[in-house]
Amino acid sequence: MSSTPQSQPLELDAVIAGAGFSGIYILHRLRDELNLNVKILEAGSDIGGTWYWNTYPGARVDCPAPIYAFGIEEVWKNWSWSELYPDQKELGAYFRHVDEVLSVRKDCIFDARITAAQFHPGEGKWTVQTESGVTVVAKHFIPAIGFTAKQYVPDWKGLGDFKGTIHHTSLWPKDYAVDVRGKRVAVIGTGSTGLQITQEWAKEAAETFVFQRTPNLALPMDQKNLDERSAEQMRNETADLFDRCRKNVGGMPYEAPTKTFAEFSSDEIAQILEELYNGGGFRYWAGGYTDLLLNPEANRAAYDYWAKRTRSRIHDPVKRDLLAPREPPHAFGTKRPSLEQDYYEQFNKSNVHLVNTKAHPIVQLTPQGIMTDDGQVYEVDIIALATGFDATTGGLAKMGIQDVNGVELSERWRDGVLTFQGLMVPGFPNMFMPYSVHAPTPFSNGPVGIEFQADFIRDIVKKMEEEKIKSIDPSLEVAQAWKAEIEFIANMTLFPKTKSWYMGANIPGKKVELLYYFGGIHRYREKFAEAFDKFSETFVVC
Ligand code: N01
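On a predicted model such as this, the values are computed, not experimentally measured, just so you know.

Visitor: Explain the packing of aromatic side chains to me, and be specific about the residues and the numbers.
Guide: Tallying each qualifying case throughout the model produces 48 aromatic pairs. Seen in terms of ring centroids, F211 and Y378 are 5.3 Å apart; in terms of plane orientation they differ by 85 degrees. Their pairing is edge-to-face. Separated by 167 residues along the polypeptide, F211 in strand 9 (residues 207-212) and Y378 in strand 15 (residues 377-379) bring together distant segments of the chain. You can call F211 buried: its relative accessible area is 1%. Here Y378 falls in the buried class, since its relative accessible area comes to 13%. With a centroid separation of 4.7 Å and an interplanar angle of 70 degrees, the aromatic rings of Y524 and F528 are classed as edge-to-face. One end of the pair is Y524 and the other is F528, both in helix 16 (residues 521-533) and four residues apart, which spans about a single turn. Note on F528: relative accessible area 3%, which makes it buried. Following the ring pairs from residue to residue traces out a cluster consisting of F21, Y25, W51, Y68, F70, W79, W81, Y94 and F95. It is R283 that lies over the ring of Y254; its NZ or CZ is 5.1 Å from the centre. Across the ring face of F535, the terminal group of K463 is positioned such that the distance to the ring centre comes to 4.7 Å.

Visitor: Explain the state of the cysteines to me, using residue names and the numbers behind them.
Guide: Enumeration over the complete set of coordinates arrives at zero disulfides. No disulfide involves C245; its nearest neighbouring cysteine sulfur is the one of C63, lying 8.6 Å away.

Visitor: Requested: an account of the site of the ligand, with residues and values cited.
Guide: Surrounding the ligand, one finds 23 residues, the nearest of these being R60, T193, R213, T214 and K335. In the environment of the ligand, an oxygen atom lies 2.8 Å from a nitrogen or oxygen atom belonging to the side chain of K335. R336 is positioned with one of its side-chain polar atoms (N or O) 3.4 Å from an oxygen atom of the ligand. Relative to its free-state accessible area of 910 Å², the ligand is covered by the protein chains to the extent of 87%. Split into classes, the residues belonging to the shell around the ligand amount to eight nonpolar, 10 polar and five charged.

Visitor: Which residues make up the pattern of salt bridges, and what values go with them?
Guide: Side-chain pairs of opposite charge can arise where the charged atoms are in close proximity. Inspection of every chain in the model, using the stated rule, returns 40 salt bridges. Here D390 makes a salt bridge to K510, at a shortest N to O gap of 2.6 Å. With D390 in the loop between strand 16 (382-385) and helix 12 (393-397) and K510 in the loop between helix 15 (476-492) and helix 16, this pair connects stretches of sequence that are 120 residues apart. For the salt bridge of E513 with K483, the shortest nitrogen-to-oxygen distance reads 2.9 Å. Remark: K483 occurs in helix 15 and E513 occurs in the loop between helix 15 and helix 16; sequence separation between them is 30 residues.

Parameters and conventions
Residues numbered from 1 in each chain as written. Predicted model: local features only at pLDDT ≥ 70, side-chain atom pairs only at ≥ 80, totals over all residues. Heavy atoms only, no water. Phe/Tyr/Trp six-rings, centres within 6.5 Å; stacked < 30°, edge-to-face > 60°. Helix = DSSP H or I, 4+ residues; strand = E, 2+ residues; numbered from the N terminus. Buried < 20%, exposed > 50% of the residue type's maximum accessible area, 1.4 Å probe, protein only. Lys NZ or Arg CZ within 6 Å of the ring centre and 35° of its normal. Disulfide = S-S within 2.5 Å. Near = heavy atom within 4 Å. Polar contact = N/O pair within 3.5 Å; in protein donor to acceptor, adjacent residues only side chain to side chain. Areas by Shrake-Rupley, 256 points an atom, 1.4 Å probe, with all protein chains shown as cover. Nonpolar A, V, L, I, M, F, W, Y, C, P; charged D, E, K, R; others polar. Salt bridge = Lys/Arg side-chain N within 4 Å of Asp/Glu carboxyl O.

Next comes the structure, spelled out in structure tokens:
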């Protein structure tokens, strides 16, 4: 359904913002399992969430098939993946399949960006408004907008002066292809997105300039094509794989390590790191020992092995020292490593240049290109701004969500985030925000963590319907206890020492604090069970 202004508000049981993994999971739980009247308001023109927006060249998931997917049997039983790490196009096709099975689109209102949402305690209802003039009144409001809903573009002088083509990667054009053949291109930023676009452009463009401030400590992807036979075998294992994911700390089907670094000999450590690195994927980040992200010595060993393997792939000594320095730029894994296929090999080409923006920051854009503080202008035709996001809180802040007293969520969080288990916020009754802040979000395989949250939301909403509860509001005490737990865990780890988007440190002026729960999704799930058992202590109930 397209978004058109209406004279009367649409009356619903629940309104969801966002038609990505979390929005669709919750639509299915509330509409199909509880038989409620639910719609999704989606800012884009189709379903898919992050896979609708992120159409930049090389966009690809880095959780493997088949577990980066809905764990709903009717969805996975008739779907085959063609690659172990599917690209954006295949994920687009997957979401079309999801729609065929779950009938998602019929309950979506597209091109409906939310601009205001306020809860009215008297009626126990939210009023939600969109830019396009749609107004919805609903008992439950579920902003399911993911963590990349607000792009970050540094405030460079001359941004509008550049005469060539320039796009932020998550606002990549959908109606035409950006052709880089024969062109001079620049990629600013070397996070997951910058790395993926570099891998593609460096193969086609005449000259590629990669602007790196911090190296990406990227791990081998070990991509594989899946023929019909292996896809069939994968399908037979899917139920078991999802079961294992649900019990794992990061929602992956791996055995979690049980021993610390100190319990191994140095020969054993060397063997563990080699096996994990050669095996590809995030297992290296998950660690062959329990304290990779807690113990500086354990972390350094992982860094040194990674640097040794990576350095051996880079011919030019200057590029080598920038891409994989001997001294770690930060503790390994405290910024999100990416999975790469042939990223480092691209820099062995004479027409692929690495610009060190740590030494010489970008100061402005000119009509011809990018100027650094040493006065050098890199003349290019096309720029990809792979500069990341004001993750989670940035997206929520721009929706105009107000608490019971009319205070905006962004204002309430000015001095730090406060939530009930990363799913609700005191003062915002009946609002649930899956895959967001204070939850395991980026430390987990997204769809698996979302499934737990969707289950909890369904169970809470069911109880409210059955017991005729008008509203629930998490108590301040439970939210403060959750914040204390997040901080307690954070302080045991190496995360706070690194400037990263996990800490909110990539956005000038944003409060620096660990924004996500590092206790593991299995523990996170137990926390919900505990909260459900202590319902009347957890929530102020009306
Ligand atoms: O963003 P980022 P992203 N001058 O914030 C640089 C998910 N994702 O879009 O590190 C110069 O990681 C910045 O430099 P530095 C995934 O969870 C997943 O890549 O701050 N450079 C950094 O290099 C991921 O982690 C997938 O020093 C500047 C880059 O811009 C998350 O999204 C694919 C700068 C931003 O990197 C975000 O990834 C894509 C400046 N002023 C994304 N400002 C997959 O699943 C920023 N930078 C595959």
